[in-house]
Amino acid sequence: METNQITETINMVAEEHLDIRTVTMGISLLDTIAGTPQETAKNIYTKITTYAEKLVSVAQQIEREFGIPVTNKRISVTPIALIAGKASPDDMLYYAHALDDAAKAVGVDFIGGYSALVQKGFANGDLALIKSIPRALTETDLVMSSINIGSTKAGINLDAIKLMGETIKAITDKSDTANAKMVVFANAVEDNPFMAGAFHGVSEPDVVINVGVSGPGVVKRALEKVQGEPIQVVAETVKKTAFKITRVGQVVGTLAAERLGVEFGIVDLSLAPTPARGDSVAEVLEEIGLEMVGTHGTTAALMLLNDAVKKGGVMASQRVGGLSGAFIPVSEDAGMIDAVKAGVLSLAKLEAMTSVCSVGLDMIAIPGDTAATTISAMIADEAAIGVQNNKTTAVRILPTNGTKVGDMVDYGGVLGTAPVMQVVEKSSANFINRGGHIPAPIHSFKN
C-alpha cells in the first residue's frame, strides 16, 4: 500500500468509526444429533467450544496487528429446528442453554441460530422451537433467534405470521428487552454474519468465517468532500468508499480463517449504524441532501446509497455476501431517533424505505398494548415487500408494556434507545385470522 492509502485507513479508524463490526464463525450442527435432547445438547456444546475456542483471541490479535477494531465476535449455527426431530418445546430448552453456555465459555458476544425456516409449512421441530422462544430468550443471555416465514419461491406462511405475532406478545409479557434478540424474516440468507438474524445455512461448509464490515461514518466523511456535486458524483464516491472498506474486511476475514484453520466465507458490507454520533446511516442520507431523514426524497437517496455500496463491495471482493446494504434500525441510529422524535420519520416511511435497503422494520419500539394481530400484519407487510421484490426483509419489533407514544426505552449497549412509535389503531385481525398461505408471486416461476 502507498503511504497515503495507509494514512487514509488510519484516519478511517481514528476519526470516522470504521470497524470490523463482526467476525462470525458459522458452525454446522447436523452431526451433533443424538438419541436424546440431552445428548444432542452435550454434543452441541462440545462442537462449538472445540471449533470456537480461539475465535476471540485470534480476532483480538488481528485487532492489535492492524489497529482496526473488531467490535463483535459471534457464532452462528445450523437452524436448531432442523436438528430437533421429535423434541418438545421443553426439550428445545436444552439446546438453548447449550448454545448459551458454549457462547459464554468461548467468550463471544452473541450466538445466532435458534431458528426455524417455515416459509412453506411446519415440521415438529419448527413448532417446538417457536413455542419455546419466550422461555429460551428470557432464560439465556447470548442466544439470538430468527424465523423465516416467507420467500419469493414459496410465498408467505400466514399461519406462521400469526404465530409470530403471538410469540412477540408472549415475550413482552416476560421481558421488556428480549424481543431485541429475535427477528422475523422473508428471504433469509444463509451466510448473514449480523445478529439477530445470523444462522449457518445447510449449504455452507462445516465451519466457516464470515465478516461484517460497517462504515457509515467513513461514507459520510467522504460525501462531505463532494457537497453540491451532481448526484452521480455522490454515487461514485460511495462506491469507491465501499470498495476500500470491503478490502479491509477481506484482509481481516482471510487472516482469521487461516489462523483458525477453517474456510473463509464472505464479507458482508452492511452500513450498520451504532448509537454513536457520526456512525449513523441517517446522517449519510442527510449529507446527500435531506434536511432530515424521513422527508420526501428519503427513499430515493437510500436506493442510491444501497446500490452504490453493493457495487463498490462487489468490485473489491468476489466473496461479498450476507445482506450487504444499508441497515435502518431505529434504536441503533442517532439520526433515526432524532427524526422519529421530530415527527418526520414514521412507520409508513420506514416501510417504504425497506423496499430499497437491507432488512426492514428493525429495532422499533411500539406501545405494549398493541394487538398481536397488528404485529402480525406489520410482519406480513414487510414479508410482502421482500417476496414481491425478491429481496430480504425482516421485522424486529419491540412492544413494551406500560409505555405510550413518545416514551424512550433503553435496550442497553449496542442495542441503543428507541422512542415508542405510533401504530395505526385500526384492526387487521380478520385478515390475519384467515390463516393459510399467500401464494408465491408469478415471477417466482423461473425454471
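Residues numbered from 1 in each chain as written. Predicted model: local features only at pLDDT ≥ 70, side-chain atom pairs only at ≥ 80, totals over all residues. Heavy atoms only, no water.

The name that an unreviewed UniProt entry assigns to the protein chain is UPF0210 protein C270_03585, with the source organism given as Leuconostoc carnosum.

Focus on the overall build of the protein chain
What counts here: Secondary structure elements follow DSSP: runs of H or I of four or more residues count as helices, runs of E of two or more count as strands, with numbering from the N terminus. The globule rule used here is 2.2 Å times the number of residues to the 0.38 power, and the radius of gyration it is set against is calculated over C-alpha atoms. For each residue, the accessible area found with a 1.4 Å probe, counting protein chains only, is set against the maximum for its type, and the residue is called buried under 20%, exposed over 50%, and partly exposed in between. Contacts between residues were defined by any pair of non-hydrogen atoms, one from each residue, lying within 4.5 Å. Accessible surface area values rest on a Shrake-Rupley calculation with a 1.4 Å probe, where residue burial reflects the displayed protein chains alone. Counting rule for charge: Lys and Arg are taken as positive, Asp and Glu as negative, and neither His nor the chain ends is counted. We put the charge of a Lys on NZ, of an Arg on CZ, of an Asp on CG and of a Glu on CD.
Secondary structure assignment for the protein chain yields 14 helices and 13 strands. Computed over C-alpha atoms, the radius of gyration of the protein chain comes to 21 Å, within 12% of the 22 Å expected from 2.2 N^0.38 for 447 residues, which places it in the range of a compact globule. The C-alpha extent of the protein chain, read off along each of the three principal axes, is 60 × 55 × 50 Å. Among the 447 residues that make up the protein chain, the fraction classed as buried is 60%. Across the protein chain, contacts joining residues at least 24 apart in sequence account for 78% of those joining residues at least 6 apart. Put simply, the protein chain shows about 17400 Å² of open surface, and 51% of that area lies on carbon and sulfur atoms. Taking the average location of the 37 positive side-chain charges in the protein chain and that of its 49 negative ones, the two points are 3 Å from each other.

Notes on the pairing of strand β4 (residues 143-151)
As a reminder, the rule being used: Pairing between two strands is assigned when DSSP locates at least 2 bridges connecting them. Look down the strands so they point away from you; if the path from the first strand over the helix to the second goes clockwise, the crossover is right-handed.
Summarising burial for β4: nine of the nine residues are buried, a large majority. In terms of strand pairing, strand β3 (residues 110-117) meets β4 through six bridges, oriented parallel. Within the sheet, the bridge partner assigned to Ser-115 lies in β4 and is Ser-146. Taken together, β3, helix α5 (residues 124-139) and β4 form a β-α-β motif whose crossover is right-handed. In this sheet, strand β5 (residues 155-157) lies alongside β4 in antiparallel orientation, the contact comprising two bridges.

A look at the side chain of Thr-241
To keep things clear, this is the line we draw: Throughout this description, a polar contact denotes any pair of N or O atoms lying within 3.5 Å of each other; where both atoms belong to protein, one of them has to be capable of donating a hydrogen while the other can accept it, and for residues adjacent in sequence the pair is counted only when both atoms sit in side chains.
Within the secondary structure layout, Thr-241 lies in helix α8 (residues 231-260). Among the residues examined, Thr-241 registers a relative accessible area of 6% and is labelled buried. At 2.8 Å, the side chain of Thr-241 forms a polar contact with the backbone oxygen of Thr-237. Those residues in contact with Thr-241 that lie beyond four places of it in its chain are Val-218, Val-219 and Ala-222.

Remarks on the packing of aromatic side chains
To keep it simple, the criterion reads: Centres within 6.5 Å make a pair out of two Phe, Tyr or Trp rings, where for Trp the six-membered ring is used; the pair is then stacked when the planes are under 30 degrees apart, edge-to-face when over 60, and tilted otherwise.
In the structure shown here, the tally under the stated rule is one aromatic pair. Pairing Phe-194 with Phe-327 gives two aromatic rings, centres 5.3 Å apart and planes at 70 degrees, and the pair type is edge-to-face. In this pair, Phe-194 is assigned in the loop between β6 (182-186) and β7 (207-214) and Phe-327 in the loop between α10 (298-316) and α11 (334-341), connecting sequence segments 133 residues apart.

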